[in-house]
Structures are given as structure tokens and as C-alpha cells.
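# Overview (structure and organization)
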Amino acid sequence: MSRILTYREALREGLDEELARDPNVVLMGEEVAQYNGAYKVTEGLWKKWGDKRVVDTPISEAGFIGMGIGASMLGVRPVMELMFWSFHSVAFDQLVSNAACVRYMSGGLCNCPIVVRGPANGGTGVGATHSHIPEGLFAAFPGLKVCAPATPADAKGLIKAAIRDNDPVYFMENTLLYGTTGEVPDPADGDFVIPLGVAEIKLEGSDVSLIAHGRSVIQSLAAAEILKTDHGISAEVLDLRSIRPLDQDAILKTVMKTNRVVLVDESKPFGGVSAMIAMLIQEHAFDYLDAPIKRVCSIDAPAIYSPHIEHEQLPNPRRIVEKVLTLR
Amino acid sequence: MTSASLSTLDFANSPINQLLTAERKIELYTQMVRIRRFESAAAKFYSAGKMSGFLHLYIGQESVAVGTISLGGADDHFITAYRDHGHALAVGMGMNECMAEMFGKQTGCSKGKGGSMHFFAPDKNFWGGHGIVAGQTPLGLGLAYGLKYLGREGCCLCYLGDGAVNQGAFHESLNIASLFGIPVVYVIENNGYSMGTSQLRSSAYSGCLAQRAEAYAIEWDVVDGSDIYEVRAKAHIAMERARKEHKPTVLEIDTYRYYGHSVADANHKKYRTPEEIEDYKTNHDPIMVFERKLVAEGVLTDDSAKKINDLAKAEATASAKFADESPAPTIADISTDVYWETDNHTPASKIGRHFFND
């Protein structure tokens, strides 16, 4: 039996189940405990699990993320919340020089089973400093894994896989998705885990493939509806779910099926996730393409504040539809 | 209270040092000598072009690593910055694996993947070897947090240079250490220079660098690094405070490096006077000071000291031969030790693409 949960509730349920499964799992971050989470993802968990398992940290990202990395080398499994992934920059040395490289530099003697999670999105009127979308940035560091779920079920299944993974996993959520709802399997029906590296077709189609992750999946589904009703175009929507490891087979399969592709990616155009995927498609499915690969990314500027125009900087159904129509 | 006012105390008689047997004292002396001989050999082969990158020598600072690490129990852990060879040998890593690492060979402690700045031996509670100034300070905090979380009685000694004390990561670590009651001891190895910039030109402080700990309600002390007895006596107090009370300490150990920031630091004779270096070698060298004490105590003779030196020299020379004759990593080796899951061929590692080569 499935239930309808919000993305936030699904994440919380995943965290709660992992806290119960493994006594070495510890949640830490700013306001995650007594305040119940800045975005209420961890609501109730401190009350249930207490000070040892759910830890409020000072506003000190380099300090507490580095602390989690050090503790993970001893076998603790910290799940650390960045209130916004935008705050990665003040902990960047810890995130990339320590977490990503410690295994390599030690010739495999150390490992770093951490999860760093939090929202990574634009569209909430908080301006450029709070609207960075760094999944492509971190996926560019070998040693790191990155995922970005779009639905409540995926959020729960992937956070559980991320916590069980023995490598550092950077988990990108979305404040605009926290309140969205969807079916999530009942825990009574078994342990629900979605492996990293498995994409999912969210909508079957035959004319064009929309390849997306995170909230861009939701925007792509809305665009697919318009394409179908207004233009008679059947779009297939592939949700990557995981950026690294990446489900290359699923990408090539949908491209070979529809022969046209629009990549929908909330990050900026230069060197982002979609740039990598475009490279893989041209390398492995060049002969299957009936049109150039197109992209809908965020417009190439720092995130604008104005609520009147912010949604136009991000991928949205109108921009996706217009881009698909250029392929004809 | 400064180290000068304490120098009249004889730390040889402190309880922790009274426990030292003659054999153990000779062991400590031998370890310091081995580090120095190892470093001298490394410098020689670096100059001969056998190594790449940087070589940050520890010569002059041996009492710090040997004195503090000699106090380590089963669950005491160590982490340091890039000047890491002394700590590596002091925790019991072999000269062969260390020299081979610098030669970039498969037999190196990190299989030739880390280099001089990145030695590791988790089986000996040694967690690196870290290249970014102060980047290791939150990790040391985390190791100590981990001990406390896992309910193990121990502490983490996290070493940093005087050049690291102005990095934000260190201050964030001090705040959390005090706030959370973390069993970490920060050991500032103060050799007076952050690369080529003297302490006075790089740090603002009252009294001494360690005194900054007061702002975080952390205990601190200053140690004369030329006396390994003093290093042990004061580190012991700090480590007990960590183990038993879960309280951090900042220790500032005054020491000196004979050579430049790295061997590539050609200017080191310009920012320091020959007299300054000579004074240290003659009056404060930790090995010489300890040797004199041990001779006076009747534990060591000139002959036995010479023998220890000769053996260490031969061991260092042999390690260079071992390193030279060892195989280099292969191109295939570049792609291992990136992910635990792929190295261990787990089911998770078979799902999705992890590497993006052609």
C-alpha cells in the first residue's frame, strides 16, 4: 500500500528509518534539532532520537562538515544538512579537498561515508547568494557522488541509499518541492531503497526526450502535457535522479527511441550537468540524432531577485515547449 | 606565564617522565635521530631529482612529534598538515613505505598517490598528512568527536603550524571543540615562520598564539620544544584532560625548522639570519639537548649515540634504495582508490557510470 506524503515527509521518514537501522548514523546541521529544521525536514527527529543522534551545530559550515568528515573516517556516519547548498562555498575545502580526496591520497586506506544534504535551487526570491545550483560542480569531482530527487518516493529511496553508501554523497533537494506530494510505499511493505545511478522514465513518449533532474523533471512533465494537447507532440521525460553515478544506458535508450532530445537543467549552461550529458549523447548516439541536442538551462547570469521575472530565468514549461518546437 | 619563566623547571622529574625506563628513553632518542636521518636522506634524493613536488622537512622539530606521540594509547589518534614525515615515523610507519611514497612508487604508504604531504596509516591511528593549511583542523575535531560518539576513551592530537592559526577553519574548530566538549588537543608547532613570513608579520595576538584559546574558553599552554621532557609533561596533561574530561587544549610548542618552508624555498636564508639558525643548532636543537641529558643521566654514551646515528643513517639509505628499486604505479592504478564501492566491487558499484573517461 502506498501513502501520499510530501517530499519533506518522505525525506524525514527516510532519515528516521536510517537512524533506527544504524546507531552510527547521526544528523547534524544548523537548526536541525531543537528548531526542527529550517525547512522542517528534520521535524520531530530530535525529540524522538535525542541530543546524541540529532545535533544542532553553530553556523560554521567548514567546522561541522569537516568534523563530520573526520568522524566518518572512524566509522561514524554523519548526515549533514546545509541549510542551503549555496553555503557550500564556505566549506569548499572540506567538501572537495578532504571528502573527495582523502580516500585517494591515502591509497584507499581511508573512506568517507558521509551525506551532505539540503536544498539546491533557485526560484524562491532569495537572490544570487542563496540560489546556487551546484550538482554539476560537485559531480565534476571524482570521489564524490551526487543525486537530486524530484519526487517524494525518490527522495526517500535515494536518501536511504545515500546514507548506506560508503562514499561521500551530496544530496540536492529543492525548497519548492518540499511541499509537493506523491505516493510513497508503506514501510510495512519492506525496506524501500532506490539505488544511486538508476534513472527513471517519468512519462513515456515517442517524439522527443526531455532529460532532467530535480525540479526540472516536474517542469518537463508540465511541458509534456502542453506539447501533447497543444501541439500533438509526444514527449518522453527521463528523470536522472542520480547525477554521479549516472545512468548512461537510460539516457542513450531514450535518445535512440525518440531521436530528438532537449536537456532541461536548472544549472547554468557553461559546463553543467547538461553539458556533460550532451557530450555523452553525441559520443554514443550520434547516428540516432535527427536534430541537434538542445538545452533549457537557467539564463546565464547570477540568479535575479525580482519575483516578477525570476521564474523566467529558470527552466519552465513555456521555455521548454518553445525549445522543443525549434526542433521541428 | 611564558615558556621562559618555566625553563628553570626540570621536566625530567615530572611524573610521566619518571615512568620512562632507560630503554624507553633511548627509544625516544632513536626515533628523533631516525626522523632526522630520514629527512636528510630525503633532502639528498629530492635534490638528486628522485622526487617531484614539494618536500617540507621536519628537521629541528623532532621532539614535538616524538614527545607527543610517545604518550599515545590504544585510542589516541593523530593528524597533521603537510610537514608530516616526523609524525609518520613516530607513529611507527616504516622508512621504506614513506620514502617510496615520496619517490612516487607503488610500494609507498599511499601507493604513490599522495606524495610527501599525504602520508596515512589508519592502522596506527595516523590520519594524514594534509596539504591545505589548517584544512586538517576540522578533521582532527571530527576524529575526536567520533571517539566520544563511539564511547571510546581517547583523544586526537591535531598538529598545525603557526601559519595555520589565522585560517577560519581553525577558529571554527576551536569554537565547536569548546562548545561540544570534544577531546582534541591542538598542537601549534611554532617554528616562527609561516612560509617566509615571520610570526610578527602574520599574526596579531596578545602574549602568544595559544592565548587566543582563552577567547573560546579553552585551556592552553606554551611549551619549550627543545626539551622533549617538557613536551611530554605538558602534552600528557592536555591529553588526560581530553580523555577524562572531554575538554580541548591548545598547546603552542616553540620549535624551529633548520631548512626552508620546503626544499623549494630558496629564500629561507634571506628571511632568517645565519646567526639565528646557528644559535638554534648550538643551544636548542632538541636532539642535542636530549642527547646531553641522557649522557648526563648515564643512559647514553657518545659511542652508543654514534651507533644509533649510524644505524639510522644506514636505514634511511636502505629505504632510498628500496624506493628507487620499487615499481611505479601503472596507468590503471590512476583509477583505483577513488570510490570505496568501486574498489570493493559492491553491487552499488555496478549501477550507473562512475567514471567519465572516453
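Every value quoted in this text rests on a predicted model; they were computed, and no experiment measured them.

Reading the values: rules and limits
- Residues numbered from 1 in each chain as written.
- Chains lettered and ligands numbered in written order.
- Predicted model: local features only at pLDDT ≥ 70, side-chain atom pairs only at ≥ 80, totals over all residues.
- Helix = DSSP H or I, 4+ residues; strand = E, 2+ residues; numbered from the N terminus.
- Rg over C-alpha atoms; globule rule 2.2 N^0.38 Å.
- Buried ≥ 20, exposed ≤ 12 C-beta atoms within 10 Å, placed from the backbone.
- Contact = placed C-beta atoms within 7 Å.
- Pairing = 2+ DSSP bridges.
- Core = buried A, V, L, I, M, F, W, Y, C linked by C-beta atoms within 7 Å.
- Nonpolar A, V, L, I, M, F, W, Y, C, P; charged D, E, K, R; others polar.
- Axes fitted to C-alpha atoms, helices over the stretch in contact; angles between N-to-C directions.
- Domains from an automatic or database assignment.
- Arc of directions from axis to C-beta.
- Parallel < 35°, antiparallel > 145°, perpendicular 65-115°, else oblique.
- Left-handed = near helix turned anticlockwise from the far one by under 90°.

For the rest of this paragraph, the subject is the overall build of chain B. Scanning chain B from terminus to terminus reveals 14 helices and 8 strands. The C-alpha atoms of chain B give a radius of gyration of 20 Å, which matches the 21 Å a tight globule of 358 residues would have. Among the 358 residues that make up chain B, the fraction classed as buried is 52%. Taking as baseline every contact in chain B between residues at least 6 positions apart, the subset at least 24 positions apart corresponds to 74%.

Turning next to the pairing of strand β4 (residues 184-190) of chain B. Residue and element names in this part refer to chain B. Among the 7 residues that make up β4, 7 are buried, leaving the element largely enclosed by the rest of the structure. Of the two faces of β4, both are covered, the one formed by Val184, Tyr186, Ile188 and Asn190 as well as the one formed by Val185, Val187 and Glu189. When strand β3 (residues 156-161) meets β4, the two strands line up parallel, connected through 6 bridges. Within β4, the residue paired with Cys156 across the bridge is Val184. Relative to strand β8 (residues 249-254), β4 is paired through 6 bridges, and the arrangement is parallel. Looking at β8, one finds that Ile188 is bridged to Glu252.

Moving on, we get to the nonpolar core. Ranked by internal contacts, the top residues of the largest apolar core, which has 199 residues, are Leu210(A) and Val184(B). Residue contributions to this core peak at 10 residues, all from helix α3 (residues 22-47) of chain B. Sequence-distant contacts of Leu210(A), that is, excluding residues within four places in its chain, are made with Ser220(A), Ala223(A), Ala224(A), Ala235(A), Glu236(A), Val237(A), Val262(A), Val264(A) and Ile320(A).

Taken together, the contact pairs 42 residues of chain B with 43 residues of chain A. Mapped onto the side of chain B that touches chain A, the elements with two or more residues apiece are β2 (126-129), α7 (137-149), α8 (168-180) and α14 (340-343) of chain B. Considering every element that reaches the side of chain B that touches chain A, the biggest residue donor is α7(B), with 10 residues. Its residues assigned to classes, the side of chain B that touches chain A comprises 21 nonpolar, 14 polar and 7 charged.

Before going further, it helps to spend a moment on the sheet that holds strand β2 (residues 25-29) of chain A. All names here are of chain A. Read from one edge to the other, the open sheet built from 7 strands follows the order β3-β2-β4-β5-β7-β6-β12, with strand pairing classed as mixed. The outermost strands of the open sheet, each flanked by one partner alone, are β3 (54-56) and β12 (242-244). Pairwise comparison of adjacent strand axes, ignoring direction, gives a mean angle of 20° for this sheet.

What follows concerns the domain arrangement of chain A. All names here are of chain A. Assigned domains within chain A: domain 1 (2-189) and domain 2 (200-325). On a C-alpha basis, the centres of domain 1 and domain 2 stand 26 Å from each other. The interface is formed by 24 residues belonging to domain 1 together with 25 residues belonging to domain 2. Of all the elements in the fold, those that place two or more residues in the side of domain 1 that touches domain 2 are α6 (135-139), β6 (145-147) and α7 (152-164).

Let us look at helix α9 (residues 248-258) of chain A. Residues separated by three or four positions in an α-helix point in the same direction, a consequence of the helix having 3.6 residues per turn. Residue and element names in this part refer to chain A. Buried within α9 are the following residues: Ala250, Ile251, Thr254, Val255 and Thr258. Each buried residue of α9 lies within a common arc of 130° when the element is viewed along its axis, so the set occupies one face. Next to the buried residues of α9 lie β10 (208-212), β11 (235-239), β13 (261-265) and α10 (273-284). Trailing α9 by a residue or two, Asn259 shows a phi angle of about 65°, which is positive.

It is worth spelling out the environment of Tyr186(B) at this point. Residues and elements named next belong to chain B. Here Tyr186 shows up in strand β4. For the pair Tyr186 and Glu252, spaced 66 residues apart in the sequence, the C-alpha separation amounts to 8.3 Å. Apart from the residues within four sequence positions on either side, Tyr186 is in contact with Cys158, Leu160, Pro248 and Val250.

Residue and element names in this part refer to chain A. Ordered in space as β9-β11-β10-β13-β14, the 5 strands form an open sheet in which the pairing is mixed. Single-partner strands in this sheet number two, and they are β9 (200-203) and β14 (294-297). Neighbouring strand axes in the sheet, compared pairwise and without regard to direction, differ in orientation by 25° on average. Docked against the sheet, helix α8 (residues 215-231) engages β9, β10, β11 and β13, running at close to 170° with respect to β11. With respect to the sheet, α9 is in contact with β10, β11 and β13, its orientation differing from that of β11 by roughly 175°.

In this section: the packing of helix α4 (residues 62-69) of chain B against helix α10 (residues 228-245) of chain B. Residue and element names in this part refer to chain B. Interhelical geometry of α4 versus α10 gives an angle of 45° and a closest axis separation of 8 Å. By the angle class used here, α4 and α10 are oblique. As for the relative orientation of α4 and α10, their crossing is right-handed in sense. On the side of α4, the interface is formed by Ser63, Val64, Val66, Gly67 and Thr68, while α10 contributes Ile228, Val231, Arg232 and Ala235. Split by residue class, the contact of α4 with α10 holds 5 nonpolar, 3 polar and 1 charged.

Bringing unusual backbone geometry into the picture now. Residue Pro245(A) follows Arg244(A) across a cis peptide bond; omega there is 5°. You can see Pro245(A) is positioned in the loop between β12 and α9. That bond from Gly128(B) to Gly129(B) is cis: its omega, 20°, falls within 30 degrees of zero. In this model, Ala134(B) sits at a positive phi of 75°, which is unusual for a non-glycine residue. Of the residues examined, Ala134(B) has 25 C-beta atoms within 10 Å and is grouped as buried. One non-glycine residue, His345(B), lies in positive phi territory at about 50°.

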